[in-house]
Amino acid sequence: MSNKKYHFLGKDFPRKDGIARVTGREVYPSDIYLTGMLHGRILRSPYPHARIKSIDFSEALSLGAVCLSFKNTPQKHFNLRQVSVPRATYKDWQVLTDHMRQVGDPFGAVAAETEELAARAAGAVKVEWEMLPSYMTIEQALAARKDLIHEKVYLEDREITIKSNIACTREVAEGDVDKGFKEADVIVENEFSTPRVYHCQLEPRSCVCRPEPDGGITLWPTTQALHNTRILIGDIFDIPLNKLNVVRITGGGHFGSGIHTNPVVLITVALALKSGKPVRIVQSREEDMYDHCRYPSRYTLKIGAKKDGTLVAGEMKASVDIGSHHIQALSYLGVLAGWWHSLYRMPNLKYEGVAVYTNKVPTCAMQGYGAPQVTFGVETTMNMLAERLGIDPIEIRIKNYVGLGEIFWGQGPTVRSLIHSDGVKELLHRGAELIGWKDRPDPKTQTGRFRKGIGMARGFHTSGTGAPVPGEVKDFTTAQVKVNEDGSIDILTALMDHGGGTLDAAAKLVAEEFGVPFEKVGISPADTRSTGYDVCTHATRGVYCGGGAVLEVAREAKKVLLEYASRILDAPVGSLKTKPDFKLGQGIIYVEGMPEKHITLAKAAQTAMNKDWGTAIAAGSIRKVNCPPAYTTYFVEVEVDMQTGRVEIKRVAAGSDAGVVINPTLARGQLHGGFYRGAGYALVEDTQYDEKTGNLRCKGLLTNYKMLGPEDLPDPEDFQVFFADTYEPTGPMGAKGIGEAALNPVPAAIALAIQNATGIYFTRLPILPETILKAVKEGRDHV
Amino acid sequence: MRIPIVLKVNGKEHSIEVKPNEILLNVLRDKLHLIGVKYGCGIGECGACTVILNGRAILSCQTLAVSAAGREITTIEGLVPEGNKELHPLQEAFIEEGAVQCGFCTPGMILSAKALVDKNPDPSNSAIKEAIRGNLCRCTGYINIIKAIKTGAEKIRERSKR
Ligand code: FES
Ligand code: FES
């Protein structure tokens, strides 16, 4: 790979939305204020499992509030997450119901002219409850025979009767595991578990909805998926899609919490339709914590290897406590197998996954979608195998990882594709050098209060979910690119940028293709009326799939432009080239070999307009037929205080194989952010429940829900980021993704650094100081 | 009951009436339309609502509007005087160093940084970490924010030499 031939890729430019964001002028959903707008409040269950016997709105109504309950919302079943195809979509959700399945489950809402009045009206609603037994653990849920959390759900349109609170199951098998394990010289088996982390995006999920005079609505929601939101709401509320406009608006962080349409969006719409007025709901932080969290995991993992370190067989059994609803647990069960299978070659493998309903907050995607969960166990197991076999942990990884020329199916068994670029060895070797891998301590000989440890883990994420044959997940992006009469270019697409620089990357690709200065490429405001479908910005697909689609459409628009230019310059299209002229601040089109024969983009576009030839414009829907692995490695140095159990992160060397890196500073920022969230996941973050009341133990308070702060992270000088020198041939100008890969191996790397310091393998996250102390005291080598 | 007060925000005086229990955050957003002051929790846990009050970074969701009457309030909108096309050096540095991702924490973060560098023109890593402890950023992992505050402080020092 070489960035030299590029004018813009691999170079830093001020991000296009930067000025708005540093001056406070960026508008987020919670910043939309409309004339005559009502403020909504959601009524939520105080009980983990209950049914509503009666509900009395009379006092709220007398205060002048608009009141809404399950009695006046559509009763259709649906799934909030719309990225899977219908045949793989379980539907157990309704806008509002009388059956409360968790503390915080909504049963109604009120709206009033001021927030204060809305709060008073909400407080005045009286409810009579019928208590049901609650199931706060997988075991309790599986033992239930009646009063289930869901009795009937739908798969596409087929009714499914739920048994023992099992939401769904999934099995995958390849080869012959029994035979495989017989061939193994060593077998390592453990149970791993990872916590229910709260996304804690800084802006609570919110929505503003305005009813329109034509019977339609306009929406400003917190979402990662404009079109899926539109299609779902159109279906539930029976609104024609051409009257239902969802506006792209920056969200204050998502991390996966906006792939599905948030319940607050549905309730805001229902209130707006009922009142005929614009309605705004901004959730409180506490409400937000009862709204969504990361899928936890608990799984046994058994892997067998030959003496030389070659893996021969693996078996994994996972049970997932999904909480009160299905936000696509079926695909989650599929990716658990996929991440595992695609980390290391395993000729014989067996996987069984089960998703179980409990009376807890519903779980959904969060950065990594199962990959950090699985990578934690797999990477820990790889180190255990390496130790047993006396092989260096890096060597055993190099021997077994799934790389160049191999088939992988990271996004689950239905999304298979071939690997065309692979920087894994480079990442491992450079990371090892930067951290001083050779000189890492031997845990057996360490003494003293403060012990140093160096840990390493690798991982990947798919760049999107494209594959040669469409699987269970939808994946395409629609875009429009046009050349304006001053030589500037507009990109129109429903693709979203959650802060990582996705849209800037798309603009750079277009600038590069047309040979125009970066400043000349603009990102148009987008909404669902003006754009075609885009599945959503998730699955690390933004640059590779979204940017890739924009680039392909730009090439079509360029063809039109060059055809106009060929008429003007009187030269065949095939002889025309473009390049930026930075002095002119313009792109120019010239005849190759005859540089004096040239014309600016502006002149070409103007001439085409004045001669009535038209605009150089193109639009299209593009699906990528691949989803290359974006590999990452983390090498981490920690210091463990053996007297307090405190872990201090000293140094980090983060390596990323993102193909051609488009925005270097922003890409490094992805690794910083991924590390921070991954380290919190490894060391402190978890939502725990009071099993009696069903309440979150943190009571919806951020200070009780512990996260790492700046003081817990290494100094900028001690955080090194480097990129592999690769080129992804199927990617837009050689690029692939980075986003989720930036987190996936982090918890494993930290756990293994702690192991290197203490000699103890930790199999449960988060690894709290008290857990470390206890294990040290008990002299364990594995806990 | 409504109390007439004068709020001095970004160099401008606003005569308004507020209830005794009205929170500064709501007044700034709802009455003065300063949406750069963000709501992230409303209970003093995230720092998104940070403004500068008489030179100190404070949480506007933990401050009664009446108690801010007559004192100098700076929000992100007032970081550079109105009509000035240039950005504040900290704002420039936040963009250059990649310290802005979703941007929701950015206004509060920049104001905490400004309150710091006004007092300590060459802050160390640990002084910066201390100053932004109350400002949650879920996106960036703080690394580029720390770099940006250093770069911004350096730009301010350079400019004051000129
Ligand atoms: S909104 Fe004030 S601290 Fe969170
Ligand atoms: S940039 Fe998103 S919270 Fe800081």
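Residues numbered from 1 in each chain as written. Chains lettered and ligands numbered in written order. Predicted model: local features only at pLDDT ≥ 70, side-chain atom pairs only at ≥ 80, totals over all residues. Heavy atoms only, no water.

1. Here's the deal with the overall build of chain B
Then step 1. Looking only at helices and strands, chain B features five helices and five strands.
Then step 2. Taken from N to C terminus, the helices and strands of chain B fall in the order β-β-α-β-β-β-α-α-α-α.
Then step 3. Expected size for 162 residues packed as a compact globule is a radius of gyration near 15 Å; at 16 Å, chain B falls within 12% of this value.
Then step 4. Over its C-alpha atoms, taken along the principal directions, chain B stretches across nearly 50 × 35 × 25 Å.
Then step 5. When each of the 162 residues of chain B is scored for burial, the buried share is 57%.
Then step 6. When the accessible area of chain B is evaluated, it comes to approximately 6,700 Å², of which 49% is carbon and sulfur surface.
Then step 7. Side chains of chain B give 22 positive and 17 negative charges; the mean places of these two sets differ by 3 Å. (Helix = DSSP H or I, 4+ residues; strand = E, 2+ residues; numbered from the N terminus. Rg over C-alpha atoms; globule rule 2.2 N^0.38 Å. Buried < 20%, exposed > 50% of the residue type's maximum accessible area, 1.4 Å probe, protein only. Areas by Shrake-Rupley, 256 points an atom, 1.4 Å probe, with all protein chains shown as cover. Lys, Arg positive; Asp, Glu negative; His and termini not counted. Charge placed at Lys NZ, Arg CZ, Asp CG, Glu CD.)

2. Overview of the interface of chain B and chain A
Then step 1. Facing 47 residues of chain B, the contacting portion of chain A comprises 62 residues.
Then step 2. Summed over both sides, the interface between chain B and chain A buries roughly 4,100 Å², with carbon and sulfur atoms accounting for 59% of that surface.
Then step 3. When the area that chain B buries against chain A is broken down by residue, the three leading residues are Glu45(B), Arg138(B) and Ile143(B), summing to 20%.
Then step 4. Counting every contact that joins chain B to chain A gives five salt bridges.
Then step 5. The salt bridge involving Lys38(B) is made with Asp31(A); its shortest N-O contact spans 2.6 Å.
Then step 6. At the surface where chain B touches chain A, the tally comes to 29 residue pairs in polar contact (both at pLDDT 80 or more).
Then step 7. Residue assignment for the side of chain B that touches chain A shows that the elements contributing at least two residues are helix H1 (24–31), helix H2 (89–96), helix H3 (106–119), helix H4 (125–131) and helix H5 (143–161) of chain B.
Then step 8. A total of five residues in the side of chain B that touches chain A trace back to one element, the largest contributor, which is H5(B).
Then step 9. A breakdown of the residues in the side of chain B that touches chain A according to their chemical character gives 23 nonpolar, 11 polar and 13 charged. (Contact = heavy atoms within 4.5 Å. Buried area = accessible area lost by both parts, 1.4 Å probe. Salt bridge = Lys/Arg side-chain N within 4 Å of Asp/Glu carboxyl O. Polar contact = N/O pair within 3.5 Å; in protein donor to acceptor, adjacent residues only side chain to side chain. Nonpolar A, V, L, I, M, F, W, Y, C, P; charged D, E, K, R; others polar.)

3. Here's the deal with the packing of aromatic side chains
All names here are of chain A.
Then step 1. Per the counting criterion, the structure on display carries 21 aromatic pairs over all chains.
Then step 2. Judged by centre distance (5.1 Å) and plane angle (45°), the rings of Phe 476 and Tyr 533 are tilted. Remark: Tyr 533 occurs in the loop between strand E26 (521–523) and helix H14 (542–569) and Phe 476 occurs in the loop between strand E23 (450–462) and strand E24 (477–483); sequence separation between them is 57 residues.
Then step 3. Note on Phe 476: relative accessible area 28%, which makes it partly exposed.
Then step 4. These aromatic residues form a ring-pair network of at least three members: Phe 8, Phe 13, Phe 518 and Phe 582.
Then step 5. Here Lys 302 stacks its cationic end above the ring of Phe 181, 4.4 Å away from the centre of that ring.
Then step 6. Above the face of the Tyr 590 ring, Lys 579 is positioned so that its terminal group lies 4.8 Å from the ring centre. (Phe/Tyr/Trp six-rings, centres within 6.5 Å; stacked < 30°, edge-to-face > 60°. Lys NZ or Arg CZ within 6 Å of the ring centre and 35° of its normal.)

4. Regarding helix H12 (residues 424–435) of chain A
All names here are of chain A.
Then step 1. For H12, built from 12 residues, the straight-helix expectation of 16 Å at 1.5 Å per residue is met to within 8% by its first-to-last C-alpha distance of 16 Å.
Then step 2. Turning to H12, its buried residues are Val 424, Leu 427, Leu 428, Gly 431, Ala 432 and Ile 435. Projected down its long axis, H12 shows its buried positions confined to an angular sector of 125°, all on one face.
Then step 3. On its buried face, H12 sits against helix H11 (393–400), E23, strand E31 (629–641), strand E32 (647–657) and strand E33 (719–723). (Expected span 1.5 Å × (residues − 1). Arc of directions from axis to C-beta.)

5. What about the sheet that holds strand E11 (residues 186–194) of chain A?
The pairing of strands in a sheet happens through backbone hydrogen bonds and is either parallel or antiparallel.
Residue and element names in this part refer to chain A.
Then step 1. The strand order across the open sheet built from five strands is E10-E19-E18-E17-E11, with neighbouring strands paired in mixed fashion. A strand with exactly one partner marks an edge of an open sheet, and here the two such strands are strand E10 (166–174) and E11. Averaged over all neighbouring strand pairs, the angle between strand axes comes to 5°, with direction disregarded. (Pairing = 2+ DSSP bridges. Axes fitted to C-alpha atoms, helices over the stretch in contact; angles between N-to-C directions.)

6. Thoughts on the side chain of Thr50(B)
All names here are of chain B.
Then step 1. Mapped onto the elements, Thr 50 comes out in strand E3 (residues 50–53).
Then step 2. Among the polar contacts made by the side chain of Thr 50, one reaches the main-chain carbonyl oxygen of Gly 47 at a distance of 2.5 Å.
Then step 3. One polar contact links Thr 50 to Asn 135, side chain to side chain, over a distance of 3.3 Å.

7. Side note on the environment of Val247(A)
All names here are of chain A.
Then step 1. The residue Val 247 is located in the loop between strand E14 (244–246) and helix H7 (263–275) in this model.
Then step 2. Remark: the alpha-carbon pair of Val 247 and Ser 530, spanning 283 residues in sequence, is separated by 9.8 Å.
Then step 3. In this structure, Val 247 is in contact with Thr 218, Leu 219, Trp 220, Pro 221, Leu 226, Ala 526 and Asp 527, ignoring residues within four places of it in sequence.

8. Considerations on the domain arrangement of chain A
All names here are of chain A.
Then step 1. One can read the domain layout of chain A as domain 1 (18–25 + 476–622), domain 2 (32–132 + 202–253 + 258–289) and domain 3 (293–468 + 626–777).
Then step 2. In total, about 1,500 Å² of surface goes out of reach between domain 1 and domain 3, with carbon and sulfur atoms giving 65% of it.
Then step 3. Of all residues in domain 1, Ala 539, Thr 540 and Tyr 544 give up the largest surface area on contact with domain 3, accounting jointly for 47% of the area buried on that side.
Then step 4. Along the contact surface separating domain 1 from domain 3 lie zero salt bridges. (Domains from an automatic or database assignment.)

9. Describing H3(B)
Residues separated by three or four positions in an α-helix point in the same direction, a consequence of the helix having 3.6 residues per turn.
All names here are of chain B.
Then step 1. Here H3 contains 14 residues, and its C-alpha end-to-end distance of 20 Å stays within 8% of the 20 Å for a straight helix at 1.5 Å per residue.
Then step 2. Counted residue by residue, H3 has 12 buried out of 14 residues, so it is predominantly covered.
Then step 3. Among all positions in H3, only Thr 106, Pro 107, Gly 108, Met 109, Ile 110, Leu 111, Ser 112, Ala 113, Lys 114, Ala 115, Leu 116 and Val 117 are buried.

10. Here's the deal with the packing of helix H16 (residues 664–683) of chain A against helix H17 (residues 746–758) of chain A
Residue and element names in this part refer to chain A.
Then step 1. Remark: H16 packs on H17, axes separated minimally by 8 Å, with the N-to-C direction vectors making an angle of 55°. What the angle tells us is that H16 and H17 run oblique. Both H16 and H17 take part in a crossing whose hand is right-handed. Side by side, H16 and H17 meet where Gly 674, Phe 675, Gly 678, Ala 679, Tyr 681, Ala 682 and Leu 683 of the first sit next to Val 746, Pro 747, Ile 750 and Ile 754 of the second.
Then step 2. Here the contact of H16 with H17 is built from residues that sort into nine nonpolar, two polar and no charged. (Parallel < 35°, antiparallel > 145°, perpendicular 65-115°, else oblique. Left-handed = near helix turned anticlockwise from the far one by under 90°.)

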